[in-house]
Amino acid sequence: MSRPRLERVRASVGIAQLALQQIEDDLTADGIDAPELAAILRELQEDITFPGGLFPSLAQLVSTAARKAEQFEPYRDGVASRSLHEAAALITGNAGPRMTWAARALEPQGEDT
């Protein structure tokens, strides 16, 4: 991996971690109620201003890594790419829906807002 690319990835991960820390701070703030928590969970799963939301975007990133890994293992057993594809599937097929279910449990009426 080229040094500048690795540095960009590290910087991007750092920015993402700071953003996620801000969300965590908001989640632990005083005064948050069930409808607001539900809205935050929906935003993470189905962001209105950024198509896809956090979980689908993360799954897409992992799937991209899986497709790249496939290029390096054409004569191997595909352990790396298969593991990455499975991780992406777990994000979209398991973690994402569970976030939606949690939001619905906290505020069922908020689904249409």
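What you see is a predicted model, and the numbers here were worked out from it, not measured in a lab. (Residues numbered from 1 in each chain as written. Predicted model: local features only at pLDDT ≥ 70, side-chain atom pairs only at ≥ 80, totals over all residues. Heavy atoms only, no water.)

Draft legend 1. Seen up close, the overall build of the chain. Looking only at helices and strands, one finds four helices and zero strands in the chain. Its helices and strands taken in sequence order, the chain reads α-α-α-α from the N to the C terminus. The C-alpha radius of gyration of the chain comes to 17 Å, more than 25% above the 13 Å expected for a compact globule of 113 residues. For the chain, the spread of C-alpha atoms along the three principal axes comes to 55 × 30 × 20 Å. (Helix = DSSP H or I, 4+ residues; strand = E, 2+ residues; numbered from the N terminus. Rg over C-alpha atoms; globule rule 2.2 N^0.38 Å.)

Draft legend 2. Inspection of the pattern of salt bridges at higher detail. Tallied over the full model, the rule gives two salt bridges. Salt-bridge contacts for Glu-7 lead to Arg-3; the nearest nitrogen and oxygen are separated by 3.6 Å. Of this pair, Glu-7 and Arg-3 both sit in helix α1 (residues 3–27), four residues apart, roughly one helical turn. One salt bridge connects Glu-107 with Arg-42, and the closest N-O pair in it is separated by 3.7 Å. Here the residue Glu-107 occupies a position in the segment after α4 (79–106), and Arg-42 occupies one in helix α2 (residues 34–45), the gap between them amounting to 65 residues. (Salt bridge = Lys/Arg side-chain N within 4 Å of Asp/Glu carboxyl O.)

Draft legend 3. Structural view of the nonpolar core. Membership of the largest hydrophobic core is limited to eleven residues, which are Ala-38, Ile-40, Leu-41, Leu-44, Phe-55, Ala-59, Val-62, Ala-88, Ile-91, Met-99 and Ala-103. Among the elements of the structure, α2, α3 (54–72) and α4 are those that each provide at least two residues to this core. Once you skip the residues sitting within four places of it in the chain, Ala-38 turns out to touch Ala-103, Leu-106 and Glu-107. (Core = buried A, V, L, I, M, F, W, Y, C linked by side-chain atoms within 4.5 Å. Buried < 20%, exposed > 50% of the residue type's maximum accessible area, 1.4 Å probe, protein only. Contact = heavy atoms within 4.5 Å.)

Note that all results are geometric; they support no functional claim without further evidence.
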